[in-house]
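Close look at the chain arrangement
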Amino acid sequence: MNSRFDWPADVTHLLTERSINESNASDAYCLPCGFMMGDVKSIAIENHCSIGEQHHFGRREKVMENDDLLLYFDEQLFLPDLKARTKDELLKELVDQFVKVKYLKNSEIVLEMLRQREHLGSTGIGKGVAIPHGRTTSAPDIMIAFGKSKQGIEYDAIDGKPVQLVFMIIAPPQDENNMYLPILGKMVEILSKAKNRSRLLEAETFEEFTEIISKG
């Protein structure tokens, strides 16, 4: 099966195994590649995903439009000139921004959650992109910060290359509309396109950024 996207790397580790249990087997599909689940009931399935080692499923009715994704971005969480040089410095810089604008209160709890998530596998998904993410009781709702590094950050990405585009997603343990996985799926879709990555690297204002996401 051919992928809908041009992403050769394994990005499926971004989506948690619990997603298969949260989905209805009759209408769920693989968020990265679009493969229909059919009657699959367990995570122990054949590795058909064309852009990764294993499928990760979401429900078809939860597929997002680009403009829906825009609702989760905030100009106060737009950082076009990251100072971090290492992964840990990057995680701290972005989490500190959440705290600075009073969207989070305790940075250490969130940082520890993100570090533990990185131990499971790098969220540097290749082509200069990282999507650190996780759930925490410290988050009142799903929030996304965007940061751009001009010099690149050593991140232990799966392709071994420095990261320049970073989207940090912080979510509560349960979100009312179950949008966590669809958000991840839509972001992977947008970022899989080379033209979008190039334009994001050039974006200097929040308005430019949102236009790229909207048209992505």
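In short, a report on the structure. For clarity, every value in this text was computed on a predicted model and none was experimentally measured.

**Some remarks on the overall build of the protein chain**
Along its length, the protein chain carries 7 helices and 8 strands. Burial analysis of the protein chain (216 residues in total) assigns 53% to the buried set. Taking as baseline every contact in the protein chain between residues at least 6 positions apart, the subset at least 24 positions apart corresponds to 71%. For the protein chain, the accessible area works out to roughly 10200 Å², and carbon and sulfur atoms hold 47% of it.

**Structural notes on the environment of Glu-89**
If you trace the backbone, Glu-89 turns up in helix α3 (residues 87-100). Glu-89 sits in the partly exposed class, given a relative accessible area of 41%. Each C-alpha atom, one on Glu-89 and one on Ile-153, is 9.4 Å from the other, the two residues being 64 residues apart in sequence. Within the local environment of Glu-89, its side chain forms a polar contact with the backbone nitrogen of Arg-85, the two atoms lying 2.8 Å apart.

**Quick word on the packing of aromatic side chains**
A full pass over the atoms with the stated rule returns 9 aromatic pairs. Residues Phe-78 and Phe-209 carry aromatic rings whose centres are separated by 5.6 Å and whose planes lie at 50 degrees to one another, so their mutual orientation is tilted. Within this pair, whereas Phe-78 is found in strand β3 (residues 73-79), its partner Phe-209 is found in helix α7 (residues 206-215), the two being separated by 131 residues in sequence. Across the pair, Phe-209 and Phe-78 agree in class, each one buried.

**Some points on the pattern of salt bridges**
Using the criterion set out here, one finds 8 salt bridges in the structure. Between Asp-81 and Lys-83 there is a salt bridge, with the nearest N and O atoms lying 2.8 Å from each other. For Asp-81, a relative accessible area of 33% gives the class partly exposed. Residue Lys-83 is classed as exposed on the basis of its relative accessible area of 59%. Its salt-bridge partner being Lys-148, residue Glu-204 comes within 3.3 Å of it at the nearest N-O pair.

**Thoughts on the packing of α3 against helix α4 (residues 107-120)**
Close contact between α3 and α4 brings their axes to 10 Å; oriented N to C, the two are set at 145 degrees. Note on packing geometry: the crossing formed by α3 with α4 is right-handed. Of the residues in α4, those touching α3 at Lys-87, Asp-88, Leu-91, Lys-92, Val-95, Asp-96 and Val-99 are Ser-107, Val-110, Leu-111, Leu-114, Arg-115 and Glu-118. For the contact of α3 with α4, the per-class residue count stands at 6 nonpolar, 1 polar and 6 charged.

**Quick notes on the side chain of Glu-93**
With respect to the element layout, Glu-93 can be found in helix α3. Despite its burial, Glu-93 pairs with no opposite charge; the closest candidate is Lys-83, at 6.9 Å N-O.

**Structural notes on the nonpolar core**
Of all hydrophobic cores here, the largest spans 30 residues; its most connected members are Leu-69, Ile-131, Ile-144, Phe-167, Ile-169, Ile-183 and Phe-209. Per-element accounting of this core gives the leading share, 8 residues, to helix α5 (residues 180-191). Core analysis: the second largest hydrophobic core is formed by 26 residues, Leu-91, Val-101, Met-143 and Ala-157 among them.

**Some words on α5**
In this model, α5 (12 residues) spans 17 Å end to end at C-alpha, consistent with the 16 Å of a helix rising 1.5 Å per residue. In terms of residue burial, α5 counts as a mostly covered element, since 11 of its 12 residues are buried. For α5, the complete set of buried residues consists of Tyr-180, Leu-181, Pro-182, Ile-183, Leu-184, Gly-185, Lys-186, Met-187, Val-188, Ile-190 and Leu-191.

Scoring rules and cut-offs
- Residues numbered from 1 in each chain as written.
- Predicted model: local features only at pLDDT ≥ 70, side-chain atom pairs only at ≥ 80, totals over all residues.
- Heavy atoms only, no water.
- Helix = DSSP H or I, 4+ residues; strand = E, 2+ residues; numbered from the N terminus.
- Buried < 20%, exposed > 50% of the residue type's maximum accessible area, 1.4 Å probe, protein only.
- Contact = heavy atoms within 4.5 Å.
- Areas by Shrake-Rupley, 256 points an atom, 1.4 Å probe, with all protein chains shown as cover.
- Polar contact = N/O pair within 3.5 Å; in protein donor to acceptor, adjacent residues only side chain to side chain.
- Phe/Tyr/Trp six-rings, centres within 6.5 Å; stacked < 30°, edge-to-face > 60°.
- Salt bridge = Lys/Arg side-chain N within 4 Å of Asp/Glu carboxyl O.
- Axes fitted to C-alpha atoms, helices over the stretch in contact; angles between N-to-C directions.
- Left-handed = near helix turned anticlockwise from the far one by under 90°.
- Nonpolar A, V, L, I, M, F, W, Y, C, P; charged D, E, K, R; others polar.
- Lys, Arg positive; Asp, Glu negative; His and termini not counted.
- Core = buried A, V, L, I, M, F, W, Y, C linked by side-chain atoms within 4.5 Å.
- Expected span 1.5 Å × (residues − 1).

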